[in-house]
Amino acid sequence: MKKLQRINYPQLGEVKAPYVHAVKHHDTLYVSGLTAFGTPAQREGIAAQAEAIFYQLKQITAVENITFDALIKVTIFVTSLNELTALREVLFSYFGQHLPASSLVQVNGLFSPDLNIEIEAVFATA
């Protein structure tokens, strides 16, 4: 394997911007920010959008043959902290006992006004 590999996952759809879905460097996978854009959850609340994002992350972990136990770090961007309890429920359902390092940042907005959350992730791949 190359030391640095740029990856687009067909399961996530075509990237139409100047980035890739993920970059693998040695045994670490850096996943670009994912949103619910283009999914049925796009116009729903933060919990539904988070579920749509984790569905995408599950697609990536399946291809990479890893699980959420390998999740090292997440950075979560939200447009409001009003639905934090609902978001935490979704996060605990995926993280279980394997809690990653985490940052939660409130932002003024994301690239579409329908979006309430964006999540970046870093996984160990070995």
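Everything below is about the structure printed above this text.
All of these numbers come straight from a predicted model, not from anything done at the bench. (Residues numbered from 1 in each chain as written. Predicted model: local features only at pLDDT ≥ 70, side-chain atom pairs only at ≥ 80, totals over all residues. Heavy atoms only, no water.)

### Observations concerning the pattern of salt bridges
Spelled out, the test is: The salt bridge criterion pairs a side-chain nitrogen of Lys or Arg with a carboxyl oxygen of Asp or Glu, the two atoms within 4 Å. Under the DSSP-based scheme used, a helix requires at least four consecutive residues in state H or I and a strand at least two consecutive residues in state E, with every element numbered from the N terminus. Under the scheme applied here, a residue whose accessible area is under 20% of the maximum for its type counts as buried, over 50% as exposed, and between as partly exposed, the area being computed with a 1.4 Å probe on protein chains only.
Scanning the entire structure with this criterion turns up two salt bridges. We note a salt bridge from glutamate 64 to lysine 24, for which the minimum N-O separation is 2.6 Å. Highlighted residues: glutamate 64 in helix α1 (residues 46-64) and lysine 24 in strand β2 (residues 22-25), separated in sequence by 40 residues. Each of the two residues, glutamate 64 as well as lysine 24, counts as buried. A salt bridge links aspartate 114 to arginine 43; the shortest N-O distance between them is 3.5 Å. With aspartate 114 in the loop between β5 (101-106) and β6 (117-124) and arginine 43 in the loop between β3 (28-34) and α1, this residue pair connects regions lying 71 residues apart in the sequence. Taking the relative accessible area as the measure of exposure, arginine 43 reaches 66% and is therefore exposed.

Read these as geometric descriptors, not functional statements.
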